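# Observations on chain architecture
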Amino acid sequence: MAMAPDLATIPPFNPDLEGAATPAAVSAFASAVAVADGLLIATPEYAHGIPGALKNALDWLVSRSEIPGKPVMLVHGSTRGTYVRDHLREVLQTMSVRLFDREAFELHLIGKPVEDARAILDDADQRARIRAHVAAFADFAAGPGLPTA
Ligand SMILES: Cc1cc2nc3c(=O)[nH]c(=O)nc-3n(C[C@H](O)[C@H](O)[C@H](O)COP(=O)(O)O)c2cc1C
């Protein structure tokens, strides 16, 4: 499992810079998406929406070949943030991904000190739950599947 490149390196989307003029950071991000068997997206919610850096990175992919049909699983570390989940689903469906599960996989980490959050993630039951969900996503990603989104 690999982390995406730092989204802060990606310049603001500009359709005039698609094609031959594509910035290197965008090409690197698109390549990382291309080689991934699936994407796990986890994000905070800002002002009831998608954080600008994430939306910007997704905007660069809209007219490209890497994202359509890509299996995507949403992970959410909060019990709140229902707006961003709806926005993300709408955006990702528009981009023709294969969305796994309409509901985001929730981990209740919000507001917890780092040590408490780590303890939750280290808990045997939580680990089993995470492993089972990621395994189900891996099966989904490996499957033939027409776009479900
Ligand atoms: C500018 C800003 C706007 C935010 N807007 C929302 C919001 O609309 N809804 C929400 O549930 N949380 C909102 N939050 C909280 C974040 O989603 C996130 O839970 C918080 O930054 C804690 O993240 P951390 O645990 O990574 O520090 C906002 C945070 C910031 C800094």
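In what follows, the structure referred to is the one given above.
Residues numbered from 1 in each chain as written. Predicted model: local features only at pLDDT ≥ 70, side-chain atom pairs only at ≥ 80, totals over all residues. Heavy atoms only, no water.

## Description of the environment of Ala53
Here Ala53 is to be found in helix H2 (residues 52-61). Of the residues examined, Ala53 reaches a relative accessible area of 41% and is grouped as partly exposed. For the pair Ala53 and Ala20, spaced 33 residues apart in the sequence, the C-alpha separation amounts to 23 Å. (Helix = DSSP H or I, 4+ residues; strand = E, 2+ residues; numbered from the N terminus. Buried < 20%, exposed > 50% of the residue type's maximum accessible area, 1.4 Å probe, protein only.)

## Regarding helix H1 (residues 24-35)
Relative to the 16 Å expected for 12 residues at 1.5 Å per residue, H1 spans 17 Å between its end C-alpha atoms, a close match to the ideal helical length. Turning to H1, its buried residues number three or more, namely Val26, Phe29, Ala30 and Val33. Burial along H1 is one-sided: seen end-on, the buried residues are contained in an arc of 95 degrees. The outward face of H1, more than 90 degrees from its buried face, is lined by the exposed residues Ala24 and Val35. (Expected span 1.5 Å × (residues − 1). Arc of directions from axis to C-beta.)

## Thoughts on the layout of surface pockets
By volume, the largest pocket amounts to about 1500 Å³. Among the elements of the structure, H1, strand S1 (39-42), H2, strand S2 (71-76) and helix H5 (124-142) are those that each provide at least two residues to the lining of the largest pocket. Here the lining of the largest pocket is built from residues that sort into 36 nonpolar, six polar and four charged. (1 Å grid on protein atoms, 1.4 Å probe; cavity = no way out; pocket = protein on both sides within 12 Å on 5 of 7 lines; lining within 4 Å. Points joined across faces, edges and corners; volume = space filled by probe spheres on them. Nonpolar A, V, L, I, M, F, W, Y, C, P; charged D, E, K, R; others polar.)

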